[in-house]
Amino acid sequence: MKRNQKAAAAVIVCAGIALASCGKSGGSGASVMNDMKKSGVTQRMSAKMMAARPEAMMEAADFDEAPAPAAPVYGAADGGAAQEAGFERKLIKSGSLSLEVKDLAEAEAAVEAWCKAFGGYIASSNSDERTAYFSARIPAAQFEPAMAGAGEIGTVKSRGVSAQDVTEQFYDLQTRLETRKIMRDRLRTYLSQAKDVKDMLQIESELNSVLADIESMEGRMRRLSGQIEYATISVNMSLPYRTTSGGFDWPNPGESARRFASNVIDFFGGLIKVLLYIIVCGIPLGAVIAFFWWLLFGKIGLLKKLFVKKLR
């Protein structure tokens, strides 16, 4: 019994020593990894992996750096999920107005003053004796008041408003741009750590590609942001019927008679021209066709005689 008790005690002591040694070895392993990270070993390993395969940079990078932001997901039936998630909805607003005005010059001046009053600018314009067209860019926050203000310049004949939702497109482009910038910064870090010329050339090639992507995305982001921040309002203005800038345009019977006579003369002149073409071109062409018919199928009938011989 005493021997059995001593043997059991020895087994328990050995097990305790083994467990203690395992715990110490695990702690030492973690401390070694921490020491490697502190000494920059993991960074050198990442640089070597990236230099060997630049396109695998994102996968080879350690996870101590900040990860790329995740793109927000929207759906057709999200029911305002963008606002609930803290994302501002992005809209491209546009409107159009058709106005009837009494004085075109005064209306044009009123449109320019209206545009400046709402912090906008005239993007394009054109005009003639009876009509004028303006395309104005107005801050999106002032879109509704600006539409109401433009309607006061004249009598509104028609009005239209539209909005294009580009929320998903905007945040997707923003996320991809931020991801590319993270890749750019990491590639620059790896380039500064590279020692082999071949590795440096590979990293520079990948870096140039990333920089080109960033420049293209930034340009698209600026254009999209400009469309979101500034709404487009088209203003079409016209004078009342039979009115010009000089006043009411009275009907001119003499001018109408002259136009009618001119149209009649043009019609008969065109008819005579067609008849001349028929005479000059049609008669010779008809004569040539008749000659070949007479030669091949008429009295001489060369083709007819040839077919008869073959049938015999």
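In this text, all values refer to a predicted model and were calculated from it rather than measured experimentally. (Residues numbered from 1 in each chain as written. Predicted model: local features only at pLDDT ≥ 70, side-chain atom pairs only at ≥ 80, totals over all residues. Heavy atoms only, no water.)

### What about the packing of aromatic side chains?
The geometry of an aromatic ring pair is captured by the separation of the ring centres together with the interplanar angle, meaning the angle of the planes. As a reminder, the rule being used: Pairing of aromatic side chains here covers Phe, Tyr and the six-membered ring of Trp, requires ring centres within 6.5 Å, and sorts the geometry by plane angle: under 30 degrees stacked, over 60 edge-to-face, intermediate tilted. Put simply, DSSP marks the helices as runs of H or I at least four residues long and the strands as runs of E at least two long, and each gets a number from the N terminus on. For every residue, the accessible area (1.4 Å probe, protein chains only) is compared with the maximum for its type, and the residue is labelled buried under 20%, exposed over 50%, or partly exposed between those bounds. In this scheme, Lys NZ or Arg CZ marks a charge over a ring once it lies within 6 Å of the ring centre and within 35 degrees of the ring normal.
For the structure on display, the rule yields 4 aromatic pairs. Taking 6.0 Å as the distance between ring centres and 55 degrees as the angle between the ring planes, the aromatic pair formed by Tyr121 and Tyr230 counts as tilted. In this pair, Tyr121 is assigned in strand S2 (residues 121-127) and Tyr230 in strand S5 (residues 230-238), connecting sequence segments 109 residues apart. Since its relative accessible area comes to 42%, Tyr121 is described here as partly exposed. Judged by its relative accessible area of 29%, Tyr230 falls in the partly exposed class. Taking the centre distance of 5.3 Å and the plane angle of 75 degrees together, the rings of Phe267 and Phe268 count as edge-to-face. Its relative accessible area of 46% is what places Phe268 among the partly exposed residues. Across the ring face of Phe170, the terminal group of Lys90 is positioned such that the distance to the ring centre comes to 4.9 Å.

### Some remarks on the pattern of salt bridges
What counts here: Any carboxyl oxygen of Asp or Glu that lies within 4 Å of a side-chain nitrogen of Lys or Arg is treated as forming a salt bridge with it.
Taken as a whole and assessed by the stated rule, the structure comprises 8 salt bridges. One salt bridge connects Glu88 with Lys90, and the closest N-O pair in it is separated by 3.5 Å. On the basis of relative accessible area, Lys90 is assigned to the buried category, the value being 13%.

### Quick word on helix H5 (residues 104-117)
Threshold: Expected span of a helix: the number of residues minus one, times 1.5 Å. The directions considered for the arc are those from the helix axis to the C-beta atoms. A contact between two residues is defined here by any heavy atoms of the two lying within 4.5 Å. Polar contacts here mean pairs of N or O atoms no more than 3.5 Å apart (in protein, one a potential hydrogen donor and the other a potential acceptor; neighbouring residues in sequence count only if both atoms are side-chain atoms).
Between the first and last C-alpha of H5 there are 20 Å, a value that for 14 residues agrees with the 20 Å anticipated at 1.5 Å per step. Turning to H5, its buried residues number three or more, namely Leu104, Ala107, Val111, Trp114 and Cys115. Looking down the long axis of H5, one finds its buried residues gathered within 95 degrees of arc, a one-sided arrangement. Of the exposed residues in H5, the ones pointing more than 90 degrees away from its buried face are Ala105, Glu106, Lys116 and Ala117. Buried residues belonging to H5 abut S2, strand S3 (131-139), helix H6 (143-150) and S5. Put simply, Asp103 is the residue that caps the front of H5, since its side-chain oxygen is 3.0 Å from the backbone nitrogen of Ala105. Residue Gly119 follows H5 closely and has a positive phi angle near 75 degrees.

### Concerning the sheet that holds S5
The line we're drawing: Here a strand pair is declared whenever DSSP counts at least two bridges between the two strands. Axes here mean lines fitted to C-alpha atoms, for a helix over just the part in contact, with angles spanning 0 to 180 degrees between N-to-C directions.
Spatially, S2-S3-S5-S1-S4 is the arrangement adopted by the 5 strands of the open sheet, whose pairing is mixed. Among the strands making up the open sheet, the edge pair consists of S2 and strand S4 (155-165). Within the sheet, the average angular offset between the axes of one strand and its neighbour, ignoring direction, is 10 degrees. Direction of pairing for S2 relative to S3: antiparallel, over a ladder of 6 bridges. Its bridge partner lying in S3, Asn126 is registered against Tyr133. Packing of H6 onto the sheet brings it into contact with strand S1 (91-100), S3, S4 and S5, and relative to S1 it is tilted by some 5 degrees.

### What to know about the environment of Tyr171
Here Tyr171 shows up in helix H7 (residues 167-193). With relative accessibility at 8%, the residue Tyr171 sits in the buried group.

### Concerning the side chain of Arg137
The condition that has to hold: His residues and chain termini do not enter the charge count, which takes Lys and Arg as positive and Asp and Glu as negative.
Its place among the elements puts Arg137 in strand S3. At 8.3 Å, Glu229 is the nearest oppositely charged side chain to Arg137, a buried residue that forms no salt bridge. For Arg137, the side chain forms a polar contact with the main-chain oxygen of Gly226, separated by 3.2 Å. One polar contact links the side chain of Arg137 to the main-chain carbonyl oxygen of Tyr230, over a distance of 2.8 Å. Among all residues touching Arg137, those that are not within four sequence positions of it are Gly120, Tyr121, Ala123, Gly226, Gln227, Tyr230, Ala231 and Thr232.

### Description of the confidence of the model for the protein chain
In plain terms, the rule: For every residue, the pLDDT score states the predictor's confidence, bounded by 0 at the bottom and 100 at the top.
Per-residue confidence for the protein chain gives a mean pLDDT of 75, with 65% of residues at or over 70. Per-element mean pLDDT across the protein chain ranges from 39 in helix H2 (residues 41-52) up to 95 in H7. Low pLDDT (under 50) marks residues 1-84, which in the prediction has 58 contacts with non-local residues, meaning those over four places away or in another chain.

### Observations regarding the packing of H7 against helix H8 (residues 197-229)
Counted only if it meets this: Orientation categories follow fixed angle ranges, with anything under 35 degrees roughly parallel, anything over 145 roughly antiparallel, 65 to 115 roughly perpendicular, and all other angles oblique. Helix crossings are classified by the rotation of the near helix relative to the far one: an anticlockwise turn of less than a right angle makes the crossing left-handed, while a clockwise turn makes it right-handed. In this count, Pro and Cys sit with the nonpolar residues alongside Ala, Val, Leu, Ile, Met, Phe, Trp and Tyr, while Asp, Glu, Lys and Arg are called charged and the others, Gly among them, polar.
Packing of H7 against H8 brings their axes to within 9 Å, and their N-to-C directions diverge by 155 degrees. By the angle between their directions, the pair H7 and H8 is classed as roughly antiparallel. The chirality of how H7 crosses H8 is left-handed. A class-by-class count of the residues in the contact of H7 with H8 yields 17 nonpolar, 3 polar and 10 charged.

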